[in-house]
Structure formats: C-alpha cells, structure tokens
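Observations on chain architecture
Each chain, written out:
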Amino acid sequence: MLFLSGYSQTQKFKVVLDAGHGGKDYGAVYHGNIEKNIALQTALRVGAILEKDPQIEVVYTRKSDVFIELQQRATIANKSKGSIFVSMHCNANKNQSASGNETYVMGITRNASNLEVAKSENEVVTLETDYKIKYDGFDPNSPESVIGISILQEEHLDQSIELAGRVQQFFTKKTDSKNRGVKQAGFLVLRQITMPRVLIEMGFVSNKEEGEFLNSESGQAKLAEAIAGSILDYKNEFFNPSNTDNVKEDVKVVAPKEEIVSKETPKKVEKSNEKGIVFKIQIAASSKELQTTPSNFKGLKPISVEFTGSLYKYFYASENNYNDAKQKLEEAKQKGYSTAFIVAYKDGIKINVTDAIK
C-alpha cells in the first residue's frame, strides 16, 4: 500500500484535527448556535473515534475554548509531522435558507460564493496582532488577497482532493444534509500546512433547522461518524506501516488550475484495459488535459492518462512485475519527477500496491 509524506518516519497515521475559531473568535453565530462550540465538540468526537485505532495518532490544535492564531495552527500541524490536516467549521449565509455541507481544498478560485466563504473564515486574522506583517499584507476583504495566497498552493492537492471527496461521500451516507460537493478556495489556515489538508463546512448555522442539527448531540455524533469514517477510509487505502518500500510523495501539478473541483462528489474513473496485475508510475496530476506525447513528459513513453473526479492523472509505463515497475519509477525520478509513485491495477481496477505484490 502507498505511504503519504512522513509515514515512514512516524509509522503512525497522524491526524491533525483543527476545531475552527475559539476563545474571543466566536465564528458564525445565528439562532443561538455558535460555530466555535460546534466545531470543538465535533472535533473532539472525531478524535475519540479515531483514537480507537492503534495505527492512528491524533493531534489537536485546540481541545478547549481558547483562541489559537491561524499561523500557530499551521505550526502545530507541521511540527507534529502530521499525515493529514482536517479543519472543521460551520457555514453561514445572509440567505438563511442556504443549507448543506461542503469540503474545501486549498487553491485558486474566482468563484464568488467560494471567495465569500474563504473571506468569512479568513476574517479571524484581524483579531491577531500585527497580522498584516505576519501574513504579508493580507487583506481579508480583498478577493485579490484571497486569490493571491492560493497561487503557490498546488502541493498535496491531489491527495487533498482524495480526502475531501471521501468526506463528502460519508456525509451523504451518515446525514440527510445536502451535499454541496468538493470546492477550492484560498484559506489562510491552510496556507502553510505541509501535508494534505481540507477545510470542512459541516452545515449552515444561519439555517435554523440545520443549525439545530449542528448544535445537537445527535447531529454532532452523525457528523463525527462521517468525518472519522472518511479519514479511516482514506487511511486504509493509503497507509500500511508494514510496507516501507513505497514512500508516496505528493504529485506535482504540471499545468495551472483555475476551478478544479466538481459541484458534485467526485466520481472515480480508475480503469484500464490490461488484464491481470499491472503496475504503473503516476508522474503528475492536473486539471488540464495534455497530449500524451513524450515531449510533454520529458521524453518518457508510453504515457497513459485517466480522468478522476476533476483531475487528469498521468502515468508512465505499464509493468506486470513490481521490480520492473521500481526501475521505471527510478527512471521517472531521474527525469525530474521526484514525487512520482507506483500504483497497481487488477483487471483494470485500481487496487492497493501491497495486495498486488501479494
């Protein structure tokens, strides 16, 4: 099975849970429902579920009603060498009929509604001292600032989308709330996180009925089950501490992105025509479709492509033997694809590398 960044060092899947807001920062407040409290209680419930798994270590940015600066949240996550970062929030809208959950990954967007959500969550920065110095002149009221902090944030995007898609799928399984899909926007809390990271808007506190659900013990239990379930599902696919052969680094994007993510939950299309066990080398992922000519991939051939959710994934070679695939992986890295990694298929269906080797 594949490793994510930092796994081979820690031998544990380390989940950083970030309860949004806290202390003097209340977040959104409607109908007596307070975002900071809902986020904290749900995060603690998620952590309690995950901590039952001996392969998981949970790190919290806060476990009580305290104010933690956005930069400090990133520092906590990065120092912990976490495997993933999950930030939990509640949405709000002047249109109090708006409802549903959505999960964000870091990146460029010019979509007005996505920008508005990011702007709302980023306003907490104004409660910090010297925030314009610490955040390089960031103006939470400026769409240009929100877009600007996203430009260099392609790192870990592919894995972030994988996680975000699972969150939305599990919300649909565990709740009756509207699935608003996986989206992309510029959030300061995600800006300096050096691992796959998502920001979850669990629902709208501005919607009276949904706010009551978010603020209830039963609602928070369902939300926690969904979020924890998505994390466990993600962990089970990408983490196996017994296999130190494969260290998966995150995919570098080979073309710029604009709007990446679908309005609906991403649907996987992971099929090839080969029969039996096949190993390929994933070398890149992009929202832009590229011709699979060698000149576009530093002379490597053959190149194949698959469309998954909102990303085109590009693969080098196709081998029936794992050792041959390892040689191809080294060739790809020598060509400059330092974050390439091995994937496996059985009869055209993607499977775990460990299972393929067996």
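The preceding data block contains the structure.
Cut-offs applied
- The residue numbering used here restarts from 1 in each chain and proceeds along that chain's sequence as written.
- Owing to the predicted nature of the model, reporting of local features is limited to residues with pLDDT of at least 70; listing and counting of side-chain atom pairs is limited to 80 or more, with chain, interface and lining totals taken over all residues.
- Neither water nor hydrogens contribute to the side-chain values; these are computed over all heavy atoms in the structure.
- Numbering goes from the N terminus for both helices and strands, where a helix is a DSSP run of H or I of at least four residues and a strand is a run of E of at least two.
- Each residue is assigned to one of three classes by its accessible area relative to the maximum for its type, calculated with a 1.4 Å probe on protein chains only: buried under 20%, partly exposed between the two thresholds, exposed over 50%.
- Any two residues whose heavy atoms approach within 4.5 Å are treated as being in contact.
- Polar contacts, as counted here, are pairs of nitrogen or oxygen atoms within 3.5 Å of one another; within protein the pair requires one atom able to donate a hydrogen and one able to accept it, and residues that are adjacent in sequence qualify only if both atoms are side-chain atoms.
- Axes here mean lines fitted to C-alpha atoms, for a helix over just the part in contact, with angles spanning 0 to 180 degrees between N-to-C directions.
- Each angle gets one of four labels, with under 35 degrees taken as roughly parallel, over 145 as roughly antiparallel, 65 to 115 as roughly perpendicular, and the rest as oblique.
- By the definition used in this description, the sense in which the near helix is turned from the far one sets the handedness, with an anticlockwise turn below a right angle giving left-handed and a clockwise turn giving right-handed.
- Under the grouping applied here, Gly and all other residues not named as nonpolar or charged are polar, the nonpolar ones being Ala, Val, Leu, Ile, Met, Phe, Trp, Tyr, Cys and Pro and the charged ones Asp, Glu, Lys and Arg.
- Think of a salt bridge as a Lys or Arg side-chain nitrogen and an Asp or Glu carboxyl oxygen that are within 4 Å of each other.
- Helix span, expected: 1.5 Å multiplied by one less than the number of residues in the helix.
- Here, nonpolar core means buried Ala, Val, Leu, Ile, Met, Phe, Trp, Tyr and Cys residues that are tied together by side-chain atoms lying within 4.5 Å of each other.
- For Phe, Tyr and Trp, where Trp contributes only its six-membered ring, two rings pair if their centres lie within 6.5 Å, and the inter-plane angle classes them as stacked under 30 degrees, edge-to-face over 60, or tilted in between.

1. Quick word on the overall build of the protein
Within the protein, the secondary structure is distributed over 12 helices and 13 strands. For the protein, the proportion of its 358 residues judged to be buried stands at 57%. Restricting to contacts in the protein with at least 6 residues of sequence separation, those with at least 24 account for 81%.

2. Regarding the side chain of Asn179
Relative to the elements of secondary structure, Asn179 occurs in strand β7 (residues 179–185). Among the residues examined, Asn179 registers a relative accessible area of 19% and is labelled buried. Polar side-chain contacts of Asn179 include one of 3.1 Å to the side chain of Thr172.

3. Notes on the packing of helix α7 (residues 157–174) against helix α10 (residues 217–238)
Where α7 meets α10, the axes come as close as 8 Å, and the angle between the chain directions of the two elements is 140°. In terms of orientation, α7 lies oblique with respect to α10. Note that α7 runs across α10; the crossing there is right-handed. In this structure, α7 uses Gln159, Glu162, Leu163, Arg166, Val167, Phe170, Phe171 and Lys174 to contact α10, whose residues at the interface are Lys222, Leu223, Glu225, Ala226, Ile227, Gly229, Ser230, Ile231, Asp233, Tyr234, Glu237 and Phe238. In terms of residue class, the contact of α7 with α10 is built from 10 nonpolar, 3 polar and 7 charged.

4. Description of the environment of Ile283
Among the structural elements, Ile283 can be located in strand β9 (residues 277–286). The sequence separation of Ile283 and Lys313 amounts to 30 residues, and the corresponding C-alpha distance is 7.9 Å.

5. Some points on the pattern of salt bridges
Tallied over the full model, the rule gives 9 salt bridges. Between Arg73 and Asp18 there is a salt bridge, and its shortest N-O distance comes to 2.6 Å. You can see Arg73 sitting in helix α3 (residues 70–79) and its partner Asp18 sitting in strand β1 (residues 13–19), a full 55 residues away along the chain. The shortest N-O distance in the salt bridge between Glu162 and Arg166 comes to 2.9 Å. With Glu162 and Arg166 both in helix α7 and 4 residues apart, this pair spans about one turn of that helix. Each member of the pair Glu162 and Arg166 is classed as buried. Three or more residues are tied together by salt bridges with common partners; here these are Glu162, Arg166, Asp233 and Lys313.

6. Thoughts on α7
Along its 18 residues, α7 runs 26 Å from first to last C-alpha, staying within 8% of the 26 Å computed at 1.5 Å per residue. Along α7, 14 of the 18 residues are buried, which leaves the element largely enclosed by surrounding structure.

7. Some details on the nonpolar core
The biggest cluster of nonpolar side chains holds 41 residues, and the ones touching the most others in it are Val86, Met202 and Ile231. Going through the elements one at a time, β1, α2 (35–50), β4 (56–60), β5 (84–91), α7, β8 (197–204) and α10 are the ones with two or more residues in this core. The element that contributes the greatest number of residues to this core is α10, accounting for 8 residues. Apart from residues lying up to four places away in sequence, Met202 is in contact with Ile38, Ala39, Thr42, Met88, His89, Cys90, Gly100, Asn101, Phe171, Leu214, Leu223 and Ile227.

8. Structural notes on unusual backbone geometry
Here Lys301 and Pro302 are connected by a cis peptide whose omega angle stands at 0°. Mapped onto the elements of the fold, Pro302 is located in the loop between β9 and β10 (303–308). The phi dihedral of His21 falls on the positive side, at around 65°, and the residue is not glycine. Tracing the chain through its elements places His21 in the loop between β1 and β2 (29–30). For His21, a relative accessible area of 6% puts it in the buried group.

9. Remarks on the packing of aromatic side chains
Enumeration over the complete set of coordinates arrives at 4 aromatic pairs. Aromatic side chains Phe297 and Tyr314 sit 5.1 Å apart centroid to centroid with 40° between the ring planes, which places their arrangement in the tilted category. Of the two residues, Phe297 sits in the loop between β9 and β10 while Tyr314 sits in strand β11 (residues 311–319), which places them 17 residues apart along the sequence. Here Phe297 and Tyr314 have matching classes, each one buried.

10. Regarding the packing of α2 against α10
Packing of α2 against α10 brings their axes to within 8 Å, and their N-to-C directions diverge by 50°. As summarised for this structure, α2 and α10 are arranged oblique, according to the angle between their axes. Our pair here, α2 against α10, has a crossing hand that is right-handed. Across the interface between the two elements, Ile38, Gln41, Thr42, Arg45, Val46, Ile49 and Leu50 from α2 touch Glu217, Gln220, Ala221, Leu223, Ala224, Glu225, Ile227, Ala228, Ile231 and Leu232 from α10. Residues belonging to the contact of α2 with α10 are distributed by class as follows: 11 nonpolar, 3 polar and 3 charged.

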